[in-house]
Amino acid sequence: MSAELRVEVAGPLTTVQDLGRPGFAHLGVARSGALDRPALELGNRLVGNAPGAAGLEITLGPFAAVATRAGTVALTGAAAPLRVGGRPAPLNAPVPVRAGDRIEVGRAVSGLRAYLTVGGGLAPDPVLGSRSTDTLSLLGPPVLRAGDRLPLSAPGRAPAPVDLAPRAALGGPVVLRIAWGPRADLFTDAGRLGTGEYRIRSESNRVGTRLDGPALTRADAGELPSEGIVLGAVQVPADGRPLVFLADHPTTGGYPVVAVVHAADLPLLAQARPGDSVRFRGGPQQ
C-alpha cells in the first residue's frame, strides 16, 4: 500500500498548495499557489523537501489527519497548536512522525494560514505542472474534506538539522508598499489610498482581500475594456472600496487598477484577518 495522509478533520478551508502554475495567464489561468510562500518554503526546508513541494494550506483550522508511514512534518505560517501522536509539538521545526500517528492542528491564535509540510511532499496529480488548488477556476485537487486521502511522494533529503526556525511575529497593522498605476490617473483622489486606513472585510478569500475605508472617486465613470490583472493588483470596483488580488485572482478585469502591491509584502496580507488594519505606502501620488 502506498503512503498517504488520511484527512479526518478538514476545517473551514484546507487546500493543497505548492508554488503555483505561473506562465498561463494568456490561457486565463492564474498562478495560484501558497499565499504565504515564505512559510511554505520554510516548511519544505525543515522536512527536507524541494522548495516547490506541495503541502497543505490550512485556513484558521482546525485540521487533523493520520500519516500511514513514519517521517517528518513541520507546521509554519500562522501560530496554531500542533500535536503529533497525542504529544504537543513545536512550530517552525521538524517533527518526527510514526506510522499511524494523528497530526492535529488547532485553531490559529495569530495569523490566518498555517502550512503543513510532510517529508516527500504531497503527490496528487498535477495540473499544468502544479498541484495547487485554484479556488476560482477549480483547477487542481478539490478543497479537502474529511475522509480524503492524499498520496505522499518518497522522502528525499534528510530533514533540516535545526531545532527551531523562528519567523517574524504575526498580527498588528499591515503596511503594504505599492507602485502606483496603471490607472491612478482615472481617480480624482487616488492619493487617499496612501493616506487612509483600511480594514479587511469578511468577504475576503484566496481570490482577493476586500477592504473597508476611504472610497476612491472616479474622474470618469465610463466603462473600461477588460485588461490584464496581476498578483497584488489593487482594483477599485464601482463602490470605490479597493480590493487586493491574491493568488487565485482572475486574469482580466474591467475595473481600474490604481496600484500594485510589492510582491514581498503579500505574505503579510495572507496572514491578516478580517478587521485587521491595512495601510498603503507608495511614492509621489501621496
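Scroll up to find the structure.
Note that the structure is a prediction, hence the values are computed from the model and not measured. (Residues numbered from 1 in each chain as written. Predicted model: local features only at pLDDT ≥ 70, side-chain atom pairs only at ≥ 80, totals over all residues. Heavy atoms only, no water.)

1. Regarding the overall build of the chain
Using the following cut-off: Here a helix means four or more residues in a row that DSSP labels H or I, a strand means two or more in a row labelled E, and each is numbered from the N terminus. The atom set for the radius of gyration is the C-alpha atoms, and the globule formula is 2.2 Å times the number of residues raised to the power 0.38. Contacts are assigned to residue pairs that have any heavy atoms within 4.5 Å of one another. Working definition of accessibility: Shrake-Rupley area with a 1.4 Å probe, residue cover restricted to the visible protein chains.
Looking only at helices and strands, one finds 3 helices and 20 strands in the chain. Computed over the C-alpha atoms, the radius of gyration of the chain is 20 Å, within 12% of the 19 Å expected from 2.2 N^0.38 for a compact globule of 286 residues. Structurally, the chain occupies a C-alpha span of about 65 × 40 × 30 Å along its principal axes. For the chain, contacts bridging at least 24 residues in sequence account for 76% of all contacts bridging at least 6. Accessible area of the chain: about 12,200 Å², with a carbon and sulfur share of 56%.

2. Digging into the nonpolar core
The criterion, for reference: In these notes, a set of buried Ala, Val, Leu, Ile, Met, Phe, Trp, Tyr and Cys residues joined through side-chain atoms within 4.5 Å is what counts as a nonpolar core. Note on exposure labels: buried denotes an accessible area under 20% of the residue type's maximum, exposed denotes more than 50%, and partly exposed covers the range between, all computed with a 1.4 Å probe on protein chains only.
Leu193, Val258, Val278 and Phe280 are the most contacted members of the largest nonpolar core, which totals 33 residues. Counting residues per element, the ones that place at least two in this core are helix H1 (37-47), strand E12 (174-180), strand E13 (198-200), strand E19 (257-261), helix H3 (266-270) and strand E20 (277-281). The element that contributes the greatest number of residues to this core is E12, accounting for 4 residues. Not counting residues up to four positions away in its chain, the partners in contact with Val278 are Val174, Leu176, Gly196, Glu197, Tyr198, Ile200, Leu211 and Leu269. Formed by 30 residues, the second largest nonpolar core is a distinct cluster that contains Ala10, Val16, Val73 and Leu150.

3. Observations regarding H1
Those residues of H1 that sit buried are Ala39, Leu40, Leu42, Gly43, Asn44, Leu46 and Val47. Close packing links the buried residues of H1 with strand E2 (13-17), strand E3 (55-59), strand E5 (71-79) and strand E10 (110-118). Gly48 sits one or two positions beyond H1 and adopts a positive phi of about 85°.

4. Details of the sheet that holds strand E4 (residues 63-67)
Quick reminder of the rule: In this description, strands pair whenever DSSP reports at least two bridges between them. To define axes, lines are fitted to C-alpha atoms, for helices over the stretch in contact only, and angles between the resulting N-to-C directions are given on a 0 to 180 degree scale.
Strand order in this open sheet of 6 strands is E7-E6-E9-E4-E1-E11, and the pairing throughout is antiparallel. Here the strands that pair on one side only, and so sit at the sheet edges, are strand E7 (87-89) and strand E11 (149-151). Here the strands of the sheet are splayed against their neighbours by 25° on average, with no regard to which way each runs. Sheet analysis places strand E1 (residues 4-9) next to E4, joined by 4 bridges and oriented antiparallel. In the sheet register, Val9 faces E4, and the bridge partner there is Ala64.

5. Some points on the pattern of salt bridges
Applicable threshold: Any Lys or Arg side-chain nitrogen located within 4 Å of an Asp or Glu carboxyl oxygen qualifies as a salt bridge.
For the structure shown, the criterion picks out 16 salt bridges. Two residues, Glu4 and Arg6, come together in a salt bridge whose shortest N-O distance is 2.7 Å. Under the relative-accessibility criterion, Glu4 is labelled buried at 10%. Overall, Arg6 belongs to the partly exposed group, its relative accessible area being 27%. One salt bridge in this structure joins Arg279 and Glu197, with 3.5 Å as the shortest N-O distance.

6. Regarding the environment of Leu268
Tracing the sequence through the fold places Leu268 in helix H3. The class for Leu268 is partly exposed, based on a relative accessible area of 43%. A C-alpha to C-alpha distance of 9.0 Å links Leu268 and Gly111, two positions 157 residues apart in sequence.

7. Things to note about unusual backbone geometry
That bond from Gly61 to Pro62 is cis: its omega, 10°, falls within 30 degrees of zero. Within the fold, Pro62 resides in the loop between E3 and E4. In this model, Gly181 is joined to Pro182 through a cis peptide bond whose omega is 15°. As for its position among the elements, Pro182 is in the loop between E12 and helix H2 (192-195). Positive phi outside glycine occurs at Leu60, with the angle close to 70°. Mapped onto the elements of the fold, Leu60 is located in the loop between E3 and E4. The phi dihedral of Asn92 falls on the positive side, at around 55°, and the residue is not glycine.

8. Here we look at the sheet that holds E2
Read across the open sheet, the 5 strands follow the order E2-E3-E10-E5-E8; overall the sheet is antiparallel. The outermost strands of the open sheet, each flanked by one partner alone, are E2 and strand E8 (95-97). Each neighbouring strand pair of the sheet contributes to a mean axis angle of 25°, computed without reference to strand direction. Sheet analysis places E5 next to E8, joined by 3 bridges and oriented antiparallel. When the bridges of E8 are listed, Gly71 appears paired with Val97. Each of E2, E3, E5 and E10 touches H1; the most contacted strand, E5, lies at about 155° to it.

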